[in-house]
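The chain contents come next:
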Amino acid sequence: MVRTVLKRITLSCYPALSVNAAGMRAKQSSRFSAVAVSSSANYQHRGTHTTQRPTPYQHCINTVRQNDYENFLCTLLVKDADTRRAIFSIRTFNVETAQVRDMVTDRERGEMRMVFWRDTINRTFDGRPPAHPVASLLHQVLKDHNLSKELFLQIIDDRYKWLSDRPFRSVAELEDSAENTASAVNRLTLQALGVSDTHAMEAASEVGKCQGLVTLLRSTPHHTKRKCVYLPVDLCRKFGVAHSNITGRMNNQELIDMIKYLTEIANSRLIKARTLVKKLPSNVTAAFLPMVPAQRFVNRLKSKNYYIFHTDLQKRDNLLPLSLWWSSWTKRL
């Protein structure tokens with residue numbers, strides 16, 4: 001009952017979601033599920049053996065919806081349809097490149113995927129996009145939006161660098177990686193909105209570093225299933241946290257203290273970003289909506305006494321859609 005009410009409220013707050021859903025139903029006789037693969041996607045009707053490939057825009061919407069739901073909601077709240085389409089192309093590119101490390105079984109294949117994406121960006125910016133839905137949509141977007149090719153390549157280069165399973169050596173190295181990826185995505189989002197303000201770009205950097213920290217924290221339980229640990233080595237030494245403490249999901253004070261330390265750094269980035277955003281015109285709020293889910297995760301982690309493996313932290317935040325809509329409507333982050 002509660003979920004049904006929340007769903008109805010969410011649809012009323014997100015008209016773009018309702019329009020998109022209606023459009024999908026009009027084009028297809030039954031609902032379909034999307035299965036994203038490394039270079040293309042096939043969509044199959046339930047109960048039939050026929051396949052129908054979606055438009056590039058539909059592919060991007062579904063890819064972000066399935067793999068980056070929080071930013072999917074943030075993007076839906078962008079009022080201008082053309083800008084929303086541009087941001088979905090950016091977000092899908094980010095999802096596709098971010099997934100490479102988890103999808104490949106060895107570094108060589110990962111390197112090949114990154115070479116593919118570098119070639120795709122170069123060809124798309126040269127006006128010769130390959131037959132890939134992300135490239136096709138980005139090619140259309142570049143006709144109306146001045147996006148930085150260098151930022152796309154920066155994201156690829158950092159993802160290439162971190163194809164291995166080695167952990168970050170320090171918090172500084174972790175934040176450098178976040179600056180090259182999450183912050184770059186935020187800057188591209190600002191460019192899609194036509195914003196080039198210095199304070200806005202600085203705020204995008206702060207939010208990106210926070211996102212990098214939050215992403216690492218919330219994905220740690222997933223990583224431990226593969227016996228991988230990416231938490232900064234210097235902090236593990238400082239707090240006396242052994243590799244087995246993390247992979248064994250132990251609820252000891254040393255691990256809790258380290259997670260609290262990282263959470264406080266993430267929160268400090270949000271505080272600084274919020275100060276910068278207050279200096280900006282209200283029309284740039286859409287670019288900084290990702291601050292909302294980051295802050296909510298920080299608050300939830302704090303409420304669980306910084307036990308990163310608490311099962312509640314792995315559940316979807318059902319109140320996030322309303323919280324995002326409220327922030328978008330009030331222009332308060």
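Procedures and definitions
- Residue indices begin from 1 for each chain and proceed along its sequence in written order.
- With the structure being a predicted model, the display of local features is reserved for residues of pLDDT at least 70 and the display and counting of side-chain atom pairs for 80 or more, all residues being used for whole-chain, interface and lining totals.
- Side-chain measures here rest on the full set of heavy atoms in the structure, leaving out hydrogens and waters.
- A helix here means a DSSP run of H or I that spans at least four residues, while a strand means a run of E at least two residues long, and both kinds are numbered starting from the N terminus.
- For every accessible area listed, the method is Shrake-Rupley and the probe measures 1.4 Å; residues are considered covered only by the protein chains on display.
- Side-chain atoms within 4.5 Å are what join buried Ala, Val, Leu, Ile, Met, Phe, Trp, Tyr and Cys residues into a set we call a nonpolar core.
- Type-normalised accessible area, obtained with a 1.4 Å probe on protein chains alone, sets the label of each residue: buried when under 20%, exposed when over 50%, and partly exposed for intermediate values.
- Two residues qualify as a contact provided that any one of their heavy atoms is within 4.5 Å of a heavy atom in the partner residue.
- Contacts described as polar in this section are N or O atom pairs within 3.5 Å, which, within protein, must combine one atom able to donate a hydrogen with one able to accept it, while residues neighboring in sequence count only if both atoms come from side chains.
- The way it works is a 1 Å grid over only the protein atoms, where trapped points that fit a 1.4 Å probe form a cavity and open points with protein on both sides within 12 Å along at least five of seven lines form a pocket, and then any residue with an atom within 4 Å of a point lines it.
- Grid points are joined across faces, edges and corners, and a volume is the space filled by probe spheres set on the points.
- Ten residues, namely Ala, Val, Leu, Ile, Met, Phe, Trp, Tyr, Cys and Pro, are considered nonpolar, four, namely Asp, Glu, Lys and Arg, are considered charged, and the remaining ones, Gly among them, are considered polar.
- Should a side-chain nitrogen of Lys or Arg be within 4 Å of a carboxyl oxygen of Asp or Glu, the pair is scored as a salt bridge.
- One less than the number of residues in a helix, times 1.5 Å, gives the span that helix is expected to have.

A.B. asks: I'd love a proper account of the overall build of the protein chain, names of residues and values included.
C.D. replies: When its secondary structure is counted, the protein chain shows 17 helices and two strands. Surface exposure of the protein chain reaches about 16300 Å², of which carbon and sulfur atoms provide 51%.

A.B. asks: How would you sum up the nonpolar core? Please name residues and give values.
C.D. replies: Counting residues in hydrophobic clusters, the biggest one holds 50 residues, and the most contacted among them are Leu190, Leu231, Ile246, Met258, Ile259, Phe288 and Leu301. Elements that contribute at least two residues to this core include exactly helix H10 (171-180), helix H12 (198-225), helix H13 (233-239), helix H15 (253-277) and helix H16 (291-303). The contact partners of Leu301, leaving out residues within four places of it in the chain, are Leu217, Ile259, Thr263, Tyr306, Tyr307, Ile308 and Leu313. Grouped together as the second largest cluster of nonpolar side chains are 25 residues, Leu147, Phe152, Leu153 and Val185 included.

A.B. asks: Talk me through the environment of Asp106; I want residue IDs and the actual numbers.
C.D. replies: Among the structural elements, Asp106 can be located in the loop between helix H6 (100-103) and helix H7 (107-125). Judged by its relative accessible area of 30%, Asp106 is partly exposed. A distance of 2.9 Å separates a polar side-chain atom of Asp106 from the backbone nitrogen of Arg109.

A.B. asks: Give a detailed account of empty space enclosed by the protein, specifying residues and quantitative values.
C.D. replies: Applying the stated criterion to the full structure yields one cavity of 30 Å³ or more. Considered as a void within the structure, the largest cavity measures approximately 50 Å³ in volume. In this structure, the largest cavity is lined by Asn71, Cys74, Thr75, Val78, Ile87, Arg91, Thr189, Ala286, Ala287 and Pro290. Those elements that provide at least two residues to the lining of the largest cavity are helix H4 (69-76) and helix H5 (81-98). Taken together, the residues of the lining of the largest cavity sort by class into six nonpolar, three polar and one charged.

A.B. asks: Residue-level account of the pattern of salt bridges, with values.
C.D. replies: Any two side chains of opposite charge can pair if their charged atoms end up close together. Inspection of every chain in the model, using the stated rule, returns 16 salt bridges. Here Arg109 ties to Asp106 by a salt bridge, and the two come within 3.7 Å at their closest N and O atoms. Here Arg128 makes a salt bridge to Asp126, at a shortest N to O gap of 3.8 Å. Beyond isolated ion pairs, a larger network of salt bridges with shared partners links Glu175, Glu206, Arg269 and Lys272.

A.B. asks: Just give me the short version of the layout of surface pockets, but keep the residues and values in it.
C.D. replies: The calculated volume of the largest pocket comes to roughly 1700 Å³. Lining of the largest pocket is provided by 49 residues; of these, Asn67, Ala98, Thr215, Arg218 and Ser219 occupy positions nearest its centre. Here the lining of the largest pocket gets 11 residues from one element, more than from any other, and that element is H12.

A.B. asks: Got a sec to walk through the environment of Cys236? Specific residues and values, please.
C.D. replies: In this fold, Cys236 is placed in helix H13. C-alpha of Cys236 to C-alpha of Met258: the two residues are 22 residues apart in sequence and 7.4 Å apart in space.

A.B. asks: Please set out helix H9 (residues 149-161) residue by residue, giving values where relevant.
C.D. replies: Across its 13 residues, H9 extends 19 Å between first and last C-alpha, which sits within 8% of the 18 Å expected from 1.5 Å per residue. Those residues of H9 lying buried are Leu151, Phe152, Leu153, Ile155, Ile156, Asp158 and Arg159. Considering only its buried residues, H9 is in contact with H5, H7, helix H8 (133-141), H10 and helix H11 (182-192). N-capping of H9 is provided by Ser148, with a side-chain oxygen placed 3.3 Å from the backbone N of Glu150.

A.B. asks: Please set out the side chain of His223 residue by residue, giving values where relevant.
C.D. replies: In this fold, His223 is placed in helix H12. Residue classification places His223 among the buried residues on the basis of a relative accessible area of 8%. Apart from residues lying up to four places away in sequence, His223 is in contact with Leu216, Cys228 and Tyr230.

A.B. asks: Kindly report on the environment of Asp102, identifying the contributing residues and their values.
C.D. replies: Within the secondary structure, Asp102 sits in helix H6. Exposure remark for Asp102: the relative accessible area of 46% places this residue in the partly exposed category. Asp102 sits 61 residues away from Leu163 along the chain, and the two C-alpha atoms are 8.8 Å apart. If sequence neighbours within four positions are ignored, Asp102 has contacts with His222 and Arg226.

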